[in-house]
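# Topology and contacts: notes
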Amino acid sequence: MNFYHTWLYKNVINTEWLLWIIVIFVLAFNILSPIIIWGLMNGQSIIKWGKKKGKKKSTKEESGIKS
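The notes below deal with the structure included here. Being a predicted model, the structure only gives us computed values, none of them experimental. Along each chain, the written sequence defines residue order, and numbers are assigned to residues from 1. Residues qualify for local features only when their pLDDT is at least 70, as the model is predicted, and side-chain atom pairs are given and counted only at 80 or more; totals for whole chains, interfaces and linings, by contrast, use all residues. Remark: hydrogens and water are excluded; side-chain values derive from all non-hydrogen atoms of the structure.

## A closer look at the overall build of the protein chain
A run of H or I in DSSP becomes a helix once it reaches four residues, and a run of E becomes a strand once it reaches two; helices and strands are each numbered from the N terminus. The helix and strand inventory of the protein chain stands at three helices and zero strands. Along its sequence from the N terminus, the protein chain presents helices and strands in the succession α-α-α. Three exposure classes are used, based on accessible area relative to the maximum for each residue type with a 1.4 Å probe and protein chains only: buried under 20%, partly exposed in between, and exposed over 50%. When burial is assessed residue by residue, the protein chain has 7% of its 67 residues classed as buried. Taken as a whole, the protein chain presents about 6500 Å² of accessible surface, with 69% of it coming from carbon and sulfur. Exposure was quantified through the Shrake-Rupley algorithm and a 1.4 Å probe, taking into account, for residues, occlusion by the shown protein chains and nothing else.

Structure (structure tokens):
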């Protein structure tokens, strides 16, 4: 059976939308990979970055209320 004449190849694999999804995924990975590697090398979690910033703001506001 010739793979290029199957329904899967004609309607899914050989489509413009699938190729754009692959291109966008590769570009996003190339842009985000240095950030992910930097976080892994420093031992910091990317998810915890936002939480730490939020906690620092709340502690500064609490200490500055009565001053």
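## Some details on a nonpolar patch on the surface
Nonpolar side chains collect at one region of the surface, where Phe3, Tyr4, Trp7, Leu8 and Ile13 lie side by side and expose about 560 Å² of accessible area between them. Inspection of the secondary structure puts Tyr4 in the segment before α1 (7-13). In this analysis, a patch consists of residues with relative accessible area above 30% that form no salt bridge, clustered at 9 Å for like charges and at 5 Å for the nonpolar side chains Val, Leu, Ile, Met, Phe, Trp and Tyr. By salt bridge we mean one thing: a side-chain nitrogen of Lys or Arg within 4 Å of a carboxyl oxygen of Asp or Glu.

## Topic: helix α2 (residues 16-42)
With 27 residues, α2 should reach 39 Å at 1.5 Å per residue; the first-to-last C-alpha distance of 39 Å fits that figure. We define the bend at each residue as the angle formed by axes fitted to the 7 residues ending at it and the 7 residues starting at it. At Leu32, α2 shows its strongest bend, of approximately 40°, with the proline Pro34 following within four residues. Positive backbone phi, approximately 75°, marks Gly43, located one or two places after α2. Given a helix with a known number of residues, its expected span is that number minus one, times 1.5 Å.

## Section: the packing of aromatic side chains
By convention here, two paired aromatic rings are described through the distance between centres and the angle between planes. Only Phe, Tyr and Trp rings take part, Trp by its six-membered ring, and two of them pair if their centres are within 6.5 Å. Stacked means planes under 30 degrees apart, edge-to-face means over 60, and tilted covers everything else. Going through the model one piece at a time under the given rule, you end up with three aromatic pairs. Consider the rings of Tyr4 and Tyr9, whose centres lie 5.0 Å apart with planes at 85°: the pair is edge-to-face. Looking at Tyr9, the relative accessible area reads 19%, which means it is buried. One aromatic cluster is present, formed by Phe3, Tyr4 and Tyr9 through successive ring pairs.

## Some details on the side chain of Thr15
Note that Thr15 resides in the loop between α1 and α2. Two N or O atoms count as a polar contact when they lie within 3.5 Å, although within protein this holds only if one can serve as hydrogen donor and the other as acceptor, and sequence-adjacent residues are included solely when both atoms are side-chain atoms. One polar contact links the side chain of Thr15 to the main-chain carbonyl oxygen of Val12, over a distance of 2.7 Å.

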